[in-house]
Amino acid sequence: DQQVKQNSPSLSVQEGRISILNCDYTNSMFDYFLWYKKYPAEGPTFLISISSIKDKNEDGRFTVFLNKSAKHLSLHIVPSQPGDSAVYFCAASAQNTDKLIFGTGTRLQVFP
Amino acid sequence: EPEVTQTPSHQVTQMGQEVILRCVPISNHLYFYWYRQILGQKVEFLVSFYNNEISEKSEIFDDQFSVERPDGSNFTLKIRSTKLEDSAMYFCASSFDGYRATQYFGPGTRLLVL
């Protein structure tokens, strides 16, 4: 079941630069997307979400972009900070369900 | 800031034993969930619960699993007869609304079945 894919298992970015994390999905019924951040031995922490009626949502340093035709979304973090180092999960839910389908995650490392 | 809490943080059990994982969702939330993450794999949905009944469950959530909201604050996951493959991190989550709502996750219970 690969409905949500994060093809980059890891990403390394210098502090102050932009981090771009990508996510692809295959199920055209998905209409709500979320990004979570996870530190080791902790639960996923909600970052930002976007519904399919929008193509961009911004919250402080975090912006999520949705390209429905390409079934692709991305999370931009700018400027990146060392505290952003974590595993980032993309998740999606389909119409008329609140079940979240998660991607495999991308480990972001922000170095000084 | 309100948060979801889970107990215990770690649980070691013998195969065939029953375990109960406990969660206290955020107090004004109405929708409750269990997910699990086997080491090295994705976070997987197990079950959603609303209005004192299961609203959706995955193929993983077979007859060995059950959920309950025994009082106004706790939400539990019971595994009746644990198997080795039940070893995973179990996350509880809650949301105020169901569809298109943000789910807030607890810190997880790491279950190890020997």
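The preceding data block contains the structure.
Residues numbered from 1 in each chain as written. Chains lettered and ligands numbered in written order. Predicted model: local features only at pLDDT ≥ 70, side-chain atom pairs only at ≥ 80, totals over all residues. Heavy atoms only, no water.

Caption draft 1: Representation of the overall build of chain B in the model. Along chain B, the regular secondary structure elements total zero helices and eleven strands. Mapped from its N terminus to its C terminus, chain B presents α and β elements in the order β-β-β-β-β-β-β-β-β-β-β. Over its C-alpha atoms chain B spans a radius of gyration of 13 Å, differing by no more than 12% from the 13 Å that the globule rule assigns to 114 residues. Based on the C-alpha atoms only, the size of chain B along its principal axes is roughly 35 × 30 × 30 Å. Within chain B, buried positions represent 47% of all 114 residues. (Helix = DSSP H or I, 4+ residues; strand = E, 2+ residues; numbered from the N terminus. Rg over C-alpha atoms; globule rule 2.2 N^0.38 Å. Buried < 20%, exposed > 50% of the residue type's maximum accessible area, 1.4 Å probe, protein only.)

Caption draft 2: Geometry of the environment of H10(B). All names here are of chain B. Assignment of secondary structure puts H10 in strand β2 (residues 10-13). As a C-alpha pair, H10 and S73 span 63 residues in sequence and 21 Å in three-dimensional space. Within the local environment of H10, its side chain forms a polar contact with the side chain of S9, the two groups lying 3.2 Å apart. (Polar contact = N/O pair within 3.5 Å; in protein donor to acceptor, adjacent residues only side chain to side chain.)

Caption draft 3: Seen up close, the sheet that holds strand β1 (residues 5-7) of chain B. All names here are of chain B. One open sheet holds the four strands; their spatial order is β1-β3-β8-β7, and the pairing between them is antiparallel. Edge positions in the sheet fall to β1 and β7 (65-68), since each has one partner strand and no second. Across the sheet, the axes of successive neighbouring strands diverge by a mean angle of 20 degrees, strand direction being ignored. Both β7 and strand β8 (residues 75-79) contribute to a ladder of four bridges, which runs antiparallel. Within β8, the residue paired with V67 across the bridge is L77. (Pairing = 2+ DSSP bridges. Axes fitted to C-alpha atoms, helices over the stretch in contact; angles between N-to-C directions.)

Caption draft 4: Main features of the environment of N7(A). All names here are of chain A. Tracing the backbone shows N7 in the loop between β1 (4-5) and β2 (10-14). Accessibility expressed as a relative area gives 58% for N7, which makes it exposed. When the C-alpha positions of N7 and H76 are compared, they lie 16 Å apart, and in sequence the two are 69 residues distant. Within the structure, N7 has its side chain in polar contact with the side chain of D24 (distance 3.5 Å).

Caption draft 5: Expanded view of the nonpolar core. F30(A), F33(A), W35(A), L73(A), L75(A) and Y88(A) are the most contacted members of the largest nonpolar core, which totals 25 residues. Elements with a contribution of two residues or more to this core: β3 (19-25), β4 (30-38), β5 (45-51), β7 (62-67), β8 (72-77), β9 (86-94) and β11 (106-111) of chain A. Broken down by element, the residue count for this core peaks at five residues, all from β9(A). Counting 22 residues, the second largest nonpolar core, distinct from the first, contains V19(B), L77(B), Y90(B) and V113(B). (Core = buried A, V, L, I, M, F, W, Y, C linked by side-chain atoms within 4.5 Å.)

Caption draft 6: Quick peek at the interface of chain B and chain A. Taken together, the 20 residues of chain B in the interface contact 26 residues of chain A. It is K42(B), Y99(B) and R100(B) that lose the most area in chain B upon contact with chain A, and together they represent 37% of the buried surface on that side. The interface formed by chain B and chain A holds two salt bridges in total. At the boundary of chain B and chain A, one finds seven residue pairs in polar contact (both at pLDDT 80 or more). Of all the secondary-structure elements, those providing two or more residues to the side of chain B that touches chain A are β4 (31-37), β5 (43-50) and β10 (104-105) of chain B. The biggest single contributor to the side of chain B that touches chain A is β4(B), with four residues. Partitioning the side of chain B that touches chain A into residue classes produces eleven nonpolar, six polar and three charged. (Contact = heavy atoms within 4.5 Å. Buried area = accessible area lost by both parts, 1.4 Å probe. Salt bridge = Lys/Arg side-chain N within 4 Å of Asp/Glu carboxyl O. Nonpolar A, V, L, I, M, F, W, Y, C, P; charged D, E, K, R; others polar.)

Caption draft 7: Just the state of the cysteines, in detail. All names here are of chain A. Taken as a whole, this structure holds two disulfides over all chains when the rule is applied. Between the sulfur atoms of C23 and its disulfide mate C90 the distance is 2.0 Å. Because the sign of the S-S torsion sets the handedness, a value of about -70 degrees for the bond joining C23 and C90 places this disulfide among the left-handed ones. Taken as a pair, C23 in strand β3 and C90 in strand β9 lie far apart in primary sequence, 67 residues in all. Side by side, C23 and C90 carry an identical accessibility label, which is buried. (Disulfide = S-S within 2.5 Å.)

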